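# Structural overview
In case you want the letters, here they are:
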Amino acid sequence: MSPFIAEVFGTALLILLGDGVVANVVLEKTKGGQSCWIVITMGWAMAVFTGVFCTAKFSGAHLNPAVTIALAAAGKFAWALVPSYILAQVAGAMLGALLVWLSYKKHFDVSTDADLKLAVFCTAPAIRSTVHNLLTEIIGTAVLILGVLYMAAPGVGLGALDALPVALLVLGIGLSLGGPTGYAINPARDLGPRIMHFILPIPGKRDSDWGYAWIPIMGPVIGALLAAGLFQLLL
């Protein structure tokens, strides 16, 4: 499997299982309806574990533009490969979101809350505040990236044995720092599904909240660069 295909495949798995657990919790008439935040954070942790474990040996299992950028900034990954990896990650995220919609189509059809339909695909702040929402995403991503950089193999990324530690790290971030913004900590995770929400014929949907969309993109990028700089200082 080529690294590009591996990143598409791994990110699609990540979003299928991650957005899938959100759909199970928030949409109407599902078996998991009215579950709690712990269910969502556990589902996302397992999504990370699956995506990383399946693709580590092929691409380093970045599955996140913030990880790719941080590894390049830390000298662990070639800058020339960054654009193709990010393209693959966004494409995979779009594919995963499409599969979630297909899986839960009947539940999208009967659900009436347009905000919750959007929440299946992308993040939104609990309290809308540009500065604080951006800061939350920066901090959460910096925590993620520091963990990844200490685990990453030289010049590649994560190995299969790192799947569980990374998943547990994402679980911890979700439980501790996920409340204010829904912890995107991954530009592709938010952008790809948001694009699919915009495109797909979902009955009764609202706008895709493009005014907020830059925060889960720029926050993780800034957090990744700050974490890479701190990592190099601590070496």
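Everything below is about the structure shown above.
For the structure given in this document, a descriptive report is provided here. Here the residue numbering is sequential within each chain, running from 1 through the sequence in written order. Only residues with pLDDT of at least 70 get local features here, since the model is predicted, and only at 80 or more are side-chain atom pairs given and counted; chain-wide, interface and lining totals rely on the full set of residues. The side-chain figures draw on all heavy atoms in the structure; neither hydrogens nor water molecules are used.

### Structural notes on helix H3 (residues 65–73)
Within H3, eight of the nine residues are buried, leaving the element largely enclosed by the surrounding structure. Throughout this description, buried means an accessible area under 20% of the type-specific maximum (1.4 Å probe, protein chains only), exposed means over 50%, and partly exposed covers the range between. Where helices and strands are cited, they refer to DSSP runs of H or I of at least four residues and of E of at least two residues respectively, numbered from the N terminus. Looking only at H3, the buried set comprises Pro65, Ala66, Val67, Thr68, Ile69, Ala70, Leu71 and Ala72. Note on definitions: a residue-residue contact is assigned when non-hydrogen atoms from the two residues lie within 4.5 Å. Elements in contact with the buried residues of H3: helix H4 (82–103), helix H7 (130–151), helix H9 (187–199) and helix H11 (215–234). Structurally, the start of H3 carries an N-cap: the backbone nitrogen of Ala66 is 2.8 Å from a side-chain oxygen of Asn64. Of the residues one or two after H3, Gly75 is the one with positive phi, at around 80 degrees. Side-chain atoms alone can form a polar contact between residues adjacent in sequence; in general such a contact is a pair of N or O atoms within 3.5 Å, and within protein one must be able to donate a hydrogen while the other accepts it.

### Digging into the packing of helix H1 (residues 3–26) against H4
Working convention: axes come from line fits to C-alpha atoms, limited for helices to the stretch in contact. Angles between N-to-C directions cover 0 to 180 degrees. Viewed as axis vectors pointing N to C, H1 and H4 meet at an angle of 40 degrees, and their least axial separation amounts to 7 Å. Every pair of crossing elements has a handedness; the one defined by H1 and H4 is right-handed. Contact with H1, carried on its side by Pro3, Phe4, Glu7, Val8, Thr11, Ala12, Ile15, Leu16, Asp19, Gly20 and Ala23, involves Ser84, Tyr85, Leu87, Ala88, Gln89, Gly92, Ala93, Leu95, Gly96, Ala97, Leu99 and Val100 of H4 and no other residues of that element. Think of it as three bins: nonpolar holds Ala, Val, Leu, Ile, Met, Phe, Trp, Tyr, Cys and Pro, charged holds Asp, Glu, Lys and Arg, and polar takes everything else, Gly as well. The residue inventory of the contact of H1 with H4, partitioned by class, reads 15 nonpolar, six polar and two charged. Should the near helix be turned anticlockwise from the far one by less than a right angle, the crossing is left-handed, and should it be turned clockwise, the crossing is right-handed.

### A word on a nonpolar patch on the surface
What goes into a patch is any residue over 30% in relative accessible area without a salt bridge, connected to like charges within 9 Å or, for nonpolar side chains (Val, Leu, Ile, Met, Phe, Trp, Tyr), within 5 Å. The accessible surface values rely on the Shrake-Rupley method and a 1.4 Å probe; as for residues, cover is taken only from the protein chains in view. In what follows, salt bridge is the name for a side-chain nitrogen of Lys or Arg lying within 4 Å of a carboxyl oxygen of Asp or Glu. On the surface, a cluster of nonpolar side chains totalling about 480 Å² of accessible area is made up of Met1, Phe4, Ile5, Phe9 and Leu87. Counting residues per element, the nonpolar patch draws most heavily on H1, at three residues. Tracing the chain through its elements places Met1 in the segment before H1.

### Quick notes on the nonpolar core
In plain words, nonpolar cores are sets of buried Ala, Val, Leu, Ile, Met, Phe, Trp, Tyr and Cys residues tied together by side-chain atoms within 4.5 Å. Membership of the largest hydrophobic core comes to 56 residues, with the highest contact counts inside it found for Trp44, Phe108, Val120, Phe121 and Ile145. Counting residues per element, the ones that place at least two in this core are H1, helix H2 (37–59), H3, H4, helix H6 (114–121), H7, helix H8 (163–177) and H11. Here this core gets seven residues from one element, more than from any other, and that element is H1.

### Brief notes about the packing of H3 against H11
One way to put it is that H3 packs onto H11 with a least axis distance of 8 Å and a crossing angle of 30 degrees. With respect to each other, H3 and H11 are oriented roughly parallel. Considering only the axes of H3 and H11, their crossing is right-handed. Facing H3, whose interface residues are Ala66, Ile69, Ala70 and Ala73, H11 presents Pro220, Val221, Ala224, Leu225, Ala228 and Gln232. Taken together, the residues of the contact of H3 with H11 break down into nine nonpolar, one polar and no charged. For classification purposes, an angle smaller than 35 degrees is called roughly parallel, one larger than 145 roughly antiparallel, one from 65 to 115 roughly perpendicular, and anything else oblique.

### Points about H2
Here H2 spans 31 Å end to end across 23 residues, near enough to the 33 Å set by a 1.5 Å rise per residue. Two axes are fitted around each residue, one to the seven residues ending there and one to the seven starting there, and the angle between them is reported as the bend at that residue. The largest bend along H2 measures about 35 degrees and falls at Phe53. By the burial criterion, the buried members of H2 are Ile40, Thr41, Gly43, Trp44, Ala45, Ala47, Val48, Gly51, Val52, Thr55, Ala56 and Ser59. Downstream of H2 by a residue or two, Gly60 has a phi angle that is positive, lying close to 85 degrees. In this analysis, the expected span of each helix is defined as 1.5 Å times one less than the number of residues it contains.

### Examining the layout of surface pockets
Of the volumes computed, that of the largest pocket is approximately 660 Å³. Detection works on a 1 Å grid of protein atoms alone, calling trapped sets that fit a 1.4 Å probe cavities and calling open sets with protein on both sides within 12 Å along at least five of seven lines pockets, with lining residues defined by an atom within 4 Å of a point. Lining the largest pocket we find 40 residues, and of these Trp44, Thr123, Gly182, Tyr183 and Arg189 sit closest to its centre. For the lining of the largest pocket, the secondary structure elements donating two or more residues are H1, H2, H6, H7 and H8. Considered class by class, the residues forming the lining of the largest pocket number 27 nonpolar, eight polar and five charged. Grid points are joined across faces, edges and corners, and a volume is the space filled by probe spheres set on the points.

### Regarding the pattern of salt bridges
Between side chains of opposite charge, pairing is possible as soon as their charged atoms come close. As enumerated under the stated definition, the model contains six salt bridges in all. Measuring nitrogen to oxygen at the nearest pair gives 3.0 Å for the salt bridge that ties Lys105 to Asp109. With Lys105 and Asp109 both in helix H5 (residues 105–110) and four residues apart, this pair spans about one turn of that helix. The partly exposed category is assigned to Lys105, whose relative accessible area is 33%. Here the salt bridges share partners, and the residues they tie into one network are Asp115, Arg206 and Asp207.

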